[in-house]
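Tertiary structure, described
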Amino acid sequence: MVIDVHTHHVPKGWPELGWPGAPRLRIDSEREAMILVNDRDFRKIQDDCWDPRVRLERMDQDGVDRQVVSPTPVFFGYDRPAAQGVRIAEIFNDLALEICADPRLIPFCQVPLQDPDLACAELDRCVAAGHRGVEIGNHVGDRDLDDPGVVRFLQHCAARGIPVFVHPWDMPAGPRVERWMAQWLVGMPAETHLSILAMILGGVFDRVPDTLRICFAHGGGSFAFWLGRFENAWHRRPDLVGVSERPPSHYLGRFSVDSAVFDERALRLLVDTLGEDHVMLGSDFPYPLGESPSGDLIRRAGFLSGTARAKLLAANAEAFLG
């Protein structure tokens, strides 16, 4: 069994979302389309985003048995009024169930995270309809994952046993990060690292029960590499950093990361730091910066035992999905 916990979908069109410059899709051919944001080209996509037959063929080629299929973050809409955010979520969540009708595809929903009550309600609606988990962005404007409203949503997920996948989005812009795809190459890892810090230093893991199953995309960003610096700061500057009940290393085991790091040395660091029970195959399929074929890094990693390899390819994902 091989389970990929980090893939995305984009429907082949959706109703007007209701504001000027809202994301829309321009169909360029039978197999290709362009996501437009503010009426500008945002991302070129292909039919593996919306056609389950093409997706399943690619899975067979890569030796992947099941995929968690999550929204593409550009559609989160956290910056919109709450009522509009609910409508966006309902549209994309219902379309996701159509794409994921095959049981090999495991749908994760999105929620209007800017309003915790509406987010909980939409999550409950989606789970009743067939979604198996939820993908959330790593922040809501200037509010990070330790925001009281976001914490309330995470407590709801923990109480209901619903897995949470955290994906970076809405990275800072500017001339220095708009070259060379630096928003993706630097901004995404940094955003993910910052969110794990917020979960720890913001006391989220102290307030949310350990039944919460939460996974961070892209190997948790740079967190594993800088854990020593983080730990050192907690002890040396307790007035500023030591605000969690325990040191940062105490919370290892409370979250997982995916394997989308593309380098065996980085994967070894993840396994050494987080433990072989807390790293799962994640490819970022079907986007160009994702791993192809899915799971190739884990299969080739010479330092993994057979038992550890099986955990990273499927067993950990089975536990995460419940």
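Relevant structure appears above.
What you are looking at is a predicted structure, and each value in this text was computed from that prediction instead of being measured.

To continue, consider the pairing of strand S2 (residues 24–27). As paired strands, S2 and strand S3 (residues 32–37) are joined by 4 bridges and run antiparallel to one another. Counted as the bridge partner of Arg26 is Met34 from S3.

Once that is clear, we can look at the packing of aromatic side chains. The tally for this structure, following the rule as stated, stands at 13 aromatic pairs. Taking 5.1 Å as the distance between ring centres and 55 degrees as the angle between the ring planes, the aromatic pair formed by Trp14 and Phe92 counts as tilted. Taken together, the residues span a long stretch of sequence, with Trp14 in the loop between strand S1 (3–8) and S2 and Phe92 in helix H2 (residues 82–99) at a distance of 78 residues. Ring centres of Phe75 and Phe92 lie 4.6 Å apart, and the angle between their planes is 20 degrees; this geometry places the pair in the stacked category. Linking Phe75 in the loop between strand S5 (66–70) and H2 with Phe92 in helix H2, this pair joins segments that are 17 residues apart in sequence. Judged by relative accessible area, Phe92 falls into the buried class, the value being 2%.

Backbone hydrogen bonds are what pair the strands of a sheet, in a parallel or an antiparallel way. On the basis of which strands lie adjacent, the open sheet formed by 8 strands has the order S1-S5-S6-S7-S8-S9-S10-S11 and parallel pairing. Each edge of the open sheet carries a strand with a single partner, namely S1 and strand S11 (279–280). Relative to strand S9 (residues 214–216), strand S8 (residues 164–167) runs parallel, the two being bridged by 3 bridges. Its bridge partner lying in S9, Val164 is registered against Ile214.

Here we take up the sheet that holds S3. If you trace the 3 strands from one edge of the open sheet to the other, you get S2-S3-S4, paired in antiparallel fashion. Among the strands making up the open sheet, the edge pair consists of S2 and strand S4 (40–46). The sheet shows a mean angle of 30 degrees between the axes of neighbouring strands, direction not considered.

Generally, phi is negative for residues other than glycine and the peptide bonds are trans, each holding for most cases. The linkage connecting Phe285 with the following residue, Pro286, adopts the cis geometry, with an omega of 5 degrees. Mapped onto the secondary structure, Pro286 falls in the loop between S11 and helix H9 (296–300). In this structure, Pro293 follows Ser292 across a cis peptide bond, with omega equal to 0 degrees. With respect to the secondary-structure elements, Pro293 resides in the loop between S11 and H9. With phi around 70 degrees, Phe262 is a residue other than glycine that occupies positive phi space. Along the chain, the position of Phe262 falls in the loop between strand S10 (256–258) and helix H8 (264–274). Here Phe262 falls in the partly exposed class, since its relative accessible area comes to 45%. In this structure, Asp284 takes a positive phi of about 65 degrees despite not being glycine. In this structure, Asp284 sits in the loop between S11 and H9. By relative accessible area, which is 10% here, Asp284 ends up buried.

Reading the values: rules and limits
- Residues numbered from 1 in each chain as written.
- Predicted model: local features only at pLDDT ≥ 70, side-chain atom pairs only at ≥ 80, totals over all residues.
- Heavy atoms only, no water.
- Pairing = 2+ DSSP bridges.
- Helix = DSSP H or I, 4+ residues; strand = E, 2+ residues; numbered from the N terminus.
- Phe/Tyr/Trp six-rings, centres within 6.5 Å; stacked < 30°, edge-to-face > 60°.
- Buried < 20%, exposed > 50% of the residue type's maximum accessible area, 1.4 Å probe, protein only.
- Axes fitted to C-alpha atoms, helices over the stretch in contact; angles between N-to-C directions.

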